[in-house]
Amino acid sequence: MEDNTAYSGADLLIDALQANGINNMYGIVGIPVTDFARLAEIKGMKFYGFRREDAAVDAAAGAGFITGKPGVALTVSAPGFLNGLTALAQATENSFPLIMISGSSSRHIIDMGRGDYEGIDQYNLAKPFCKAAYRVDRAQDMGLAVARAVRTAVSGRPGGVYLDLPAATISDTATKAEANIFEPVEPALAQYPSDAAINRAVSLLKNAKHPAIIIGKGAAYARSENELRELVDKTNIPFLPMSMAKGVIPDNSVHTAASARSFTLSNADVIMLVGARLNWMLSNGEAPLFNPNTKFIQIEIDATEFDSNRKIDAPLQGDIKSVLEKLVPAAEKAGVKAPQDWLDQVKAESDKNNAKFAKIIEASHKSDTLGYFGAITPINEILQEHPDTYIVSEGANALDDGRNLVGMNLPRHRLDTGSWGVMGVALGYGIAAAVETGRPVIAIEGDSGFGFDGMEVETICRYNLPITIVIINNGGIYNGDRNPVKDQLGPTVLSHSARYEEIAKAFGGNGYRVNNYAEMKKALDEAYASKKPTVIDAQIPVSMGKESGHIGNLNPELDLDPA
Ligand code: ADP
Ligand code: MG
């Protein structure tokens, strides 16, 4: 029998999300979306309530990266929307698929500038910060709205989509037939490059004396780990993972050149970029990191990315999995092999650097004073034993040292500050990882980085998620002992005496404060085994930590002692 029931826009929106396999929503409720969230729960969705919208939207974006389906976030109008907008922009910058839904106020009041409760023109404001914005003015458009949002978020270069949900549409009604709810067919269509493009790339690889591969988070997102592992196993070409691409090929692979990064990049004659942009993280492709004569191959879904920083000699447009499906057999057939003398050079350089590192690590385990290495190596020890553990991270030195010291052996298990290097993302990502996978999460945080999303500890405790937050506390941004004016707290100074572990206890979690490697290891092992929300305050000296971590070169330097 035909269902002639008039369903609310809210009801139909939930049906459309569920029809697209979306069952989790991250957000903060208030006018006009509170009942919408309640109804979503009643209809079987899970709603995860946050303390700040940006963390909720980050969580949805993280869910998108981990699952390959757009994560969904919900906010209230104006201020809630604006708080979420930063994270919508970040998701788009990171190429993470996300749908941010915000309730909005009355069009006729906003458009006439009459002053509505939390009323601004959200639909138009969102546009520059996402792939597309859609406003749903009628309940009957819900099916189309969600189908469009899903396809837009995951097709081509993935990114954020904004859905504007006016209060009037939430209570507007339509029948199911009118709402036309469907799942788009193959929302991210396979895209193969031509044979000519493949041959161009293979010929460069075949003739390379010093080939290298840079793997970016696009390759992680594209689930191309099997193809990439096959490629390096067959060709022996050394690879370098970008931060969130760690684990696409295991960090403990014999083919990694991670310990000889600058040597490999500056001496390579052919570099293949796989889902990595030549942006600021790769010195925009410039010297001294890269040789001006190096030839580039790039596997990338968005053709406007090619030549954005320097000439791409063999562009391969398509989705990474499909491109590699053609490239790997073609390279094998052509007999592509990295020359042994190049591999020997990379290995010699790696061995030298690894030996240096091993000494510092050993010293950090014996020292009475805790430092970054002593605080972070126990995390690595856990990851080697339990590779299916998620790492999220933010900070400067905590982020940099954590990236180097924690080996990842599974893809999409590391989420961090991303393409903009922003703070305030890690706990949202961590919550998403725990919710979407049920696996344990370790957050590696600077004390400053933690401040941007620290209230989400309450969220983590409320849902009893298996997340251990390690705060490496040097009492400052970068470090905590620089006061340019005598008897005045400097701009980078935070409370070194803060007892961050007490925050967890306040919400029913566990807390530890540690002062050396042995204490850190014991606390972390206990926290990990307990599967309970835990904060570990790792006390390191205020003097430790480099200004801006590894990217101090981006600081304009001023004369702070003017005559
Ligand atoms: P990283 O910071 O790890 O270097 P980037 O975010 O700079 O990574 O680059 C990721 C790139 O991957 C983006 O240019 C994006 O367009 C691309 N990308 C994302 N998904 C796919 C896919 N399925 N196939 C091909 N390219 C993709
Ligand atoms: Mg700090």
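To be clear, the structure that these remarks concern was listed above.
A short tour of the structure in this document, coming up. Residue indices follow the written sequence of each chain, beginning from 1 at its first position. Whichever chain is written first is A, and whichever ligand is written first is 1; the rest continue in order. Predicted model: local features are reported for residues with pLDDT of at least 70 only, side-chain atom pairs are reported and counted for 80 or more only, and whole-chain, interface and lining totals are derived from all residues. The basis for every side-chain value is the complete set of heavy atoms in the structure, and neither hydrogens nor water enter the calculation.

### Remarks on helix 2 (residues 34-42)
Here's step 1: Of all the positions in helix 2, only Phe36, Ala37 and Ala40 are classed as buried. The buried residues of helix 2 occupy one face: seen down the axis, they fall within an arc of 100 degrees. Every exposed residue of helix 2 that faces more than 90 degrees away from the buried side is listed here: Asp35, Arg38 and Ile42. Exposed residues in this analysis have more than 50% of their type's maximum accessible area, buried residues have under 20%, and partly exposed residues fall in between, with area computed by a 1.4 Å probe over protein chains only. Working definition: helices are DSSP H or I runs of at least four residues, strands are E runs of at least two. Numbering for both runs from the N terminus. This arc corresponds to the set of directions leading from the helix axis out to the C-beta atoms.

### A short note on the sheet that holds strand 6 (residues 132-135)
Whenever strands of a sheet pair, they do so through backbone hydrogen bonds, lying parallel or antiparallel.
Here's step 1: Here a strand pair is declared whenever DSSP counts at least two bridges between the two strands. If you walk across this open sheet you meet the six strands as 3-2-4-5-7-6, and the pairing is parallel. Every other strand in the sheet has two partners, leaving strand 3 (46-49) and strand 6 as the edge strands with one partner each. Recorded for the sheet is a direction-independent mean angle of 25 degrees between the axes of neighbouring strands.
Here's step 2: Taken together, the seven bridges between strand 5 (residues 98-104) and strand 7 (residues 160-166) define a ladder with parallel strand orientation. Bridge pairing links Ser102 to Asp164 in strand 7.
Here's step 3: Contacts are assigned to residue pairs that have any heavy atoms within 4.5 Å of one another. The axes used here are C-alpha line fits, helices contributing only the stretch in contact, and every angle between their N-to-C directions lies in the interval 0 to 180 degrees. Seen against the sheet, helix 7 (residues 142-154) touches strand 5, strand 6 and strand 7 and runs at an angle of roughly 160 degrees to strand 7.

### Here we look at the site of ligand 1
Here's step 1: The near set for a molecule or strand comprises every residue that places at least one heavy atom within 4 Å of it. Arg157, Lys217, Gly275, Arg277 and Glu300 are the nearest of the 19 residues found near ligand 1.
Here's step 2: Note that an oxygen atom of ligand 1 is positioned 2.6 Å from one of the side-chain N or O atoms of Glu300.
Here's step 3: In isolation ligand 1 has 580 Å² of accessible area, and contact with the protein removes 97% of it.
Here's step 4: If one sorts the elements of the shell around ligand 1 by residue count, helix 11 (residues 217-221) sits on top with three residues.
Here's step 5: Put simply, Ala, Val, Leu, Ile, Met, Phe, Trp, Tyr, Cys and Pro go in the nonpolar bin, Asp, Glu, Lys and Arg in the charged bin, and everything else, Gly too, in the polar bin. Across the shell around ligand 1, the residue classes break down as seven nonpolar, seven polar and five charged. Contacts described as polar in this section are N or O atom pairs within 3.5 Å, which, within protein, must combine one atom able to donate a hydrogen with one able to accept it, while residues neighboring in sequence count only if both atoms come from side chains. For every accessible area listed, the method is Shrake-Rupley and the probe measures 1.4 Å; residues are considered covered only by the protein chains on display.

### Overview of the pattern of salt bridges
Here's step 1: A pair is scored as a salt bridge if a Lys or Arg side-chain nitrogen falls within 4 Å of a carboxyl oxygen belonging to Asp or Glu. Evaluation of the coordinates by the stated rule reveals 35 salt bridges.
Here's step 2: A salt bridge links Asp388 to Arg439; its shortest N-O distance comes to 3.3 Å. Residue Asp388 is found in the loop between helix 16 (372-385) and strand 14 (390-394), and its partner Arg439 is found in the loop between helix 18 (426-437) and strand 16 (441-446); the two are separated by 51 residues along the sequence.
Here's step 3: According to the relative accessible area criterion, Arg439 is partly exposed, its value standing at 29%.
Here's step 4: Counted as one network, the salt bridges with shared partners bring together Arg107, Asp111, Asp121, Arg135 and Asp137.

### Description of the coordination of the magnesium ion (ligand 2)
Tetrahedral coordination by four donors places them ideally at 109.5 degrees to one another around the metal; octahedral coordination by six donors ideally gives 90 or 180 degrees.
Here's step 1: Donor atoms (N, O, S) are those found within 2.8 Å of the metal centre, with the cutoff raised to 3.2 Å for Na, K and Ca; water is not part of the atom list, so apparent gaps in a site can occur. In the first shell of the magnesium ion (ligand 2), the protein supplies Asp447 (OD), Asn474 (OD1) and Gly476 (O), at 2.0 to 2.2 Å from the metal.
Here's step 2: One chain supplies every donor for the magnesium ion (ligand 2), spaced along it as D-x26-N-x1-G.

### Quick look at the sheet that holds strand 11 (residues 270-274)
Here's step 1: Read across the open sheet, the five strands follow the order 10-9-11-12-13; overall the sheet is parallel. With one partner strand each, in any of the chains shown, strand 10 (239-241) and strand 13 (314-317) form the two edges of the open sheet. Direction aside, the axes of adjacent strands within the sheet are offset by 15 degrees on average.
Here's step 2: Of the strand pairs in this sheet, strand 12 (residues 295-300) and strand 13 are connected by four bridges, and their pairing is parallel. Its bridge partner lying in strand 13, Ile297 is registered against Ala314.
Here's step 3: The strands touched by helix 10 (residues 195-207) within the sheet are strand 11, strand 12 and strand 13, with strand 13 carrying the most contacts at an inclination of about 135 degrees.

### Thoughts on the packing of aromatic side chains
Here's step 1: Note on ring pairs: Phe, Tyr and Trp rings are taken, using the six-membered ring of Trp, and paired if centres are within 6.5 Å. Classes follow the plane angle, with under 30 degrees stacked, over 60 edge-to-face and the rest tilted. This model, assessed by the stated rule, comprises ten aromatic pairs.
Here's step 2: Taken together, a centroid distance of 4.8 Å and an interplanar angle of 25 degrees make the contact between Phe65 and Phe96 stacked. One end of the pair, Phe65, is in helix 3 (residues 53-67); the other, Phe96, is in the loop between helix 4 (78-94) and strand 5, with 31 residues separating them in the sequence.
Here's step 3: Counting every residue linked through ring pairs, the aromatic cluster contains Tyr26, Tyr48, Phe50 and Tyr463.
Here's step 4: Placement of a charge over a ring requires the Lys NZ or Arg CZ to be within 6 Å of the ring centre, with the centre-to-atom vector within 35 degrees of the ring normal. Positioned above the aromatic ring of Tyr7 is the side chain of Lys176, whose terminal nitrogen or guanidinium carbon lies 4.2 Å from the ring centre.

### Some remarks on a nonpolar patch on the surface
Here's step 1: Two joining distances apply to patches: 9 Å for like charges and 5 Å for nonpolar side chains (Val, Leu, Ile, Met, Phe, Trp, Tyr), and every residue must have over 30% relative accessible area and no salt bridge. On the surface, a cluster of nonpolar side chains totalling about 270 Å² of accessible area is made up of Trp280, Ile551 and Leu554.
Here's step 2: Along the polypeptide, Leu554 turns up in the segment after strand 19 (534-539).

### Digging into the pairing of strand 2 (residues 24-27)
Here's step 1: Neither face of strand 2 is exposed, since Asn24 and Tyr26 on one face and Met25 and Gly27 on the opposite face are all buried.
Here's step 2: One ladder, built from four bridges, connects strand 2 with strand 3; its direction is parallel. Each bridged residue has a counterpart across the sheet, and for Met25 the counterpart in strand 3 is Phe47.
Here's step 3: When the strands point away from the viewer, a crossover counts as right-handed if the route from the first strand across the helix to the second turns clockwise. Each parallel crossover has a hand, and the one from strand 2 via helix 2 to strand 3 is right-handed.

### Looking at the environment of Gly438
Here's step 1: Residue position: Gly438 is located in the loop between helix 18 and strand 16.
Here's step 2: Taking the relative accessible area as the measure of exposure, Gly438 reaches 53% and is therefore exposed.
Here's step 3: Between the C-alpha atom of Gly438 and that of Thr389, which follows or precedes it by 49 residues, the distance is 9.9 Å.
Here's step 4: Sequence-distant contacts of Gly438, defined by excluding residues within four places in its chain, comprise Ala433 and Pro466.

### With respect to the packing of helix 10 against helix 14 (residues 320-333)
Here's step 1: Interhelical geometry of helix 10 versus helix 14 gives an angle of 50 degrees and a closest axis separation of 10 Å. Relative to helix 14, the element helix 10 lies oblique. Crossing geometry of helix 10 relative to helix 14 is assigned as right-handed. The segment helix 10 lies against helix 14, with Asp195, Ile198, Ala201 and Val202 engaging Val323, Lys326, Leu327, Ala330 and Ala331.
Here's step 2: Along the lines of polarity and charge, the residues of the contact of helix 10 with helix 14 split into seven nonpolar, no polar and two charged. Roughly parallel refers to an angle under 35 degrees, roughly antiparallel to one over 145, roughly perpendicular to one between 65 and 115, and oblique to any angle outside these ranges. The handedness criterion is simple: a crossing whose near helix is rotated anticlockwise from the far helix by less than a right angle is left-handed, and one whose near helix is rotated clockwise is right-handed.

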